[in-house]
Amino acid sequence: MSRSVDLLVAGGGPAGLATALHAARAGWDVEVWDPRRGTIDKACGEGLMPGALAALHALGVDPPGRDLHGVRYAAHGRAATAHFRHGPGRGIRRTALHAELTRAVQEAGVRVEQRAVGALRQDADEVRVEDVRARYLVAADGLHSPVRRRLGLAAPAARHARFGLRRHFAVAPWSPYVEVHWASQVEAYVTPVGHHLVSVAVLGASKAAYDAHLDAFPELRSRLEGAAPASQVRGAGPLRQGARRRVAGRVLLVGDAAGYVDALTGEGLALGFAQAQAAVTALLAGDPQRYERDWVLLTRRYRWLTAGLLAGTRLRPLRRAIVPAALALPRIFDGAVNELARPVGPLTTAAGSA
C-alpha cells in the first residue's frame, strides 16, 4: 500500500539530514532513506569553519569537538598562520556530527529508514519511489550519487583526479589550528577533534597507500611518532564530480551530489548546509528552479577559488611558493582564510525565510 510524503530525501549524511530538518521545521512530512546502518562515517577532514559551525547552530545542533582558531600552512620548517576574526570553528568527528543531526531530525518527527532509492518515476505532481509518493525528492546521496547518475545528470569525469584518505591518531593536539602541510604532490590536513585525538587527512593525485603519503611530511611524521592509530583508514574519490544541472523536474541535488570540486579550501560542509536551506526554501515557494539559480550564486566563490588553487598547485614551483607567499603577504593570506570562514548564505531556517 502506497503512502504519501511532502519530501523524500535520498541520503542520510549531513546535507541530507540538514535538508530534512529545514523541511520538517517548516511543517512538512519528511522521510530520509539511506542504505547504510547506524552512525555514518566518511573520509572527511572534520574541520568546520566558523561559517559552517554557525549554520549548525542556526539549526539548533551543537556537536562536541575541539575549538579551531585559524588555519596554518606549513612546509619545510616554515609556517604561516591566519586567525579567524569572528569566532572559532570546530574540529568535530564525523560520527559525532552525524549522531547529533540524526537526533535533531528524529526529534523533529522525520522518519529515517535503512533503504536505498532505486528506480523512480515522476510527473508534474509527484515523484514515485517504490511504495512512496512524494511531492519532491532531494538527492543528497554523496559524491558518486546514484540518483544523479540515474537521472542522466552526471557530467564527464575530471581529467585530473584527486583522492583523499583519513585516519585518526591518539595524540594531544599540538596547535589550535587546522594545519595544511604541503609537499610536492600531496597535502596533509591536521585537525584537532578531541582532547587526545587528531584527524589527519591526505589529498593528492596518487593512489598511494596512506603511510606512503605521510612519508612526504617528515615534520608531521615526527609529531605523530609513537601515536597509536585511533581509526581505520577511510578513502574517498575521485573528488571532482560534476552535475549538468541541479534540478530535474521535482528532483533536486544537494551537497556533494550537486557537484564537487575539491576539499582544498575546506568548504564542503558549509556549502552542503547552505544548499540544504536553499533547496527547501525553493520547494516551500513551489519553485524548484529557484534552487538552480541560488546554487550557482552560493557556490560561485568556492568553485572559482578552489578550481584556481588546484590549477596553480599542479605546478611544483607554485606549490613550493605557497607557504613563502603566505608569509610574505600575511594580510592577503589572512583575508583569504577569513573570506572562506564566513557564512555561506543566510542563517535563518528555511521556515523563517520562505
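Scroll up a little and you will see the structure.
Residues numbered from 1 in each chain as written. Predicted model: local features only at pLDDT ≥ 70, side-chain atom pairs only at ≥ 80, totals over all residues. Heavy atoms only, no water.

## Topic: the overall build of the protein chain
When helices and strands are counted, the protein chain shows 11 helices and 19 strands. At 20 Å, the protein chain has a C-alpha radius of gyration in line with the 20 Å of a compact globule built from 354 residues. In terms of overall dimensions, the protein chain has C-alpha extents of about 65 × 40 × 35 Å along its principal axes. Taking all 354 residues of the protein chain together, the buried fraction comes to 52%. The contacts in the protein chain between residues at least 6 apart in sequence include a share of 75% that link residues at least 24 apart. Split by element, the accessible area of the protein chain, about 15200 Å² in all, is 53% carbon and sulfur. (Helix = DSSP H or I, 4+ residues; strand = E, 2+ residues; numbered from the N terminus. Rg over C-alpha atoms; globule rule 2.2 N^0.38 Å. Buried < 20%, exposed > 50% of the residue type's maximum accessible area, 1.4 Å probe, protein only. Contact = heavy atoms within 4.5 Å. Areas by Shrake-Rupley, 256 points an atom, 1.4 Å probe, with all protein chains shown as cover.)

## Brief notes about the packing of helix α1 (residues 14–25) against helix α3 (residues 94–107)
It is the contact of α1 with α3, at a shortest axis distance of 10 Å, that shows an interaxial angle of 20°. Classified by the angle their axes make, α1 and α3 are roughly parallel. For the crossing formed where α1 meets α3, the hand is left-handed. Taking contact as the criterion, the partners of Pro 14, Leu 17, Ala 20 and Leu 21 in α1 are, on α3, Arg 94, Leu 97, His 98, Leu 101, Thr 102, Ala 104 and Val 105. (Axes fitted to C-alpha atoms, helices over the stretch in contact; angles between N-to-C directions. Parallel < 35°, antiparallel > 145°, perpendicular 65-115°, else oblique. Left-handed = near helix turned anticlockwise from the far one by under 90°.)

## Observations concerning the sheet that holds strand β7 (residues 89–91)
Here we have 3 strands laid out as an open sheet, ordered β3-β7-β4, and antiparallel in their pairing. Here the strands that pair on one side only, and so sit at the sheet edges, are β3 (47–48) and β4 (66–68). Here β4 runs beside β7; their pairing, made up of 3 bridges, is antiparallel. For Leu 68, the partnering residue across the bridge sits in β7 and is Gly 89. (Pairing = 2+ DSSP bridges.)

## Examining empty space enclosed by the protein
Over the atoms, a rolling probe the size of a water molecule traces out where space has been left empty. Applying the stated criterion across every chain yields a total of 3 cavities of 30 Å³ or more. Every residue along the wall of the second largest cavity is listed here: His 160, Arg 162, Arg 240, Val 261, Asp 262, Leu 310 and Arg 314. Residue composition of the lining of the second largest cavity, grouped by class: 2 nonpolar, 1 polar and 4 charged. (1 Å grid on protein atoms, 1.4 Å probe; cavity = no way out; pocket = protein on both sides within 12 Å on 5 of 7 lines; lining within 4 Å. Points joined across faces, edges and corners; volume = space filled by probe spheres on them. Nonpolar A, V, L, I, M, F, W, Y, C, P; charged D, E, K, R; others polar.)

## Points about the environment of Gly 11
Position of Gly 11 among the secondary structure elements: in the loop between β1 (3–10) and α1. In this structure the C-alpha to C-alpha distance between Gly 11 and Pro 35, which are 24 residues apart in sequence, comes to 8.1 Å. What Gly 11 contacts, discounting residues up to four positions off in sequence, is Gly 16, Leu 17, Val 32, Trp 33, Asp 34, Ala 140 and Asp 141.

## Notes on the side chain of Arg 246
With respect to the helices and strands, the residue Arg 246 is situated in the loop between β17 (234–236) and β18 (247–248). Arg 246 sits in the buried class, given a relative accessible area of 8%. Those residues within four positions of Arg 246 in sequence are excluded, and the remaining contacts are Val 251, Leu 252, Leu 253, Ala 258, Tyr 291, Glu 292 and Trp 295.

## Examining the side chain of His 213
With respect to the helices and strands, His 213 occurs in helix α5 (residues 210–214). Those residues in contact with His 213 that lie beyond four places of it in its chain are Leu 165, Val 186, Val 202, Ser 206 and Ala 208.

## Topic: the pattern of salt bridges
Where charged atoms of side chains with opposite charge meet at close range, the side chains can pair. For the structure on display, the rule yields 35 salt bridges. Residue Asp 215 is joined to Arg 221 by a salt bridge in which the shortest nitrogen-to-oxygen separation is 3.1 Å. With a relative accessible area of 52%, Asp 215 lands in the exposed category. Glu 292 is the salt-bridge partner of Arg 246, the closest N and O atoms lying 2.9 Å from each other. Of this pair, Arg 246 sits in the loop between β17 and β18 while Glu 292 sits in helix α8 (residues 288–313); the two residues are 46 residues apart in sequence, bridging distant segments of the chain. One salt-bridge network, held together by shared partners, links Arg 3, Asp 29, Glu 31, Arg 111, Glu 113, Arg 115, Glu 130 and Asp 131. (Salt bridge = Lys/Arg side-chain N within 4 Å of Asp/Glu carboxyl O.)

## Some words on helix α9 (residues 316–328)
Here α9 contains 13 residues, and its C-alpha end-to-end distance of 19 Å stays within 8% of the 18 Å for a straight helix at 1.5 Å per residue. The axis of α9 is deflected most strongly, by about 40°, at Ile 322, and proline Pro 324 appears within four residues downstream. (Expected span 1.5 Å × (residues − 1). Bend = angle between axes of the 7 residues up to and from the residue.)

## Some remarks on α8
Taking 1.5 Å per residue, 26 residues should reach 38 Å; α8 reaches 37 Å between its end C-alpha atoms and fits that length. Maximum bend of α8: about 50°, positioned at Thr 299. What α8 keeps buried is the set Pro 288, Tyr 291, Glu 292, Trp 295, Leu 298, Thr 299, Arg 301, Tyr 302, Thr 306, Leu 310 and Thr 313.

## Thoughts on unusual backbone geometry
Backbone torsion omega between Gly 237 and Pro 238 reads -10°, so that peptide bond is classified as cis. Positionally, Pro 238 belongs in the loop between β17 and β18. Look at Glu 46: it is not a glycine, yet its phi comes out positive at around 70°. Counting through the fold element by element, Glu 46 comes out in the loop between β2 (30–33) and β3. Judged by its relative accessible area of 1%, Glu 46 falls in the buried class. Unusually for a residue other than glycine, His 76 sits at a positive phi of about 55°. With respect to the helices and strands, His 76 occurs in the loop between β5 (70–75) and β6 (78–83). Exposure remark for His 76: the relative accessible area of 69% places this residue in the exposed category.

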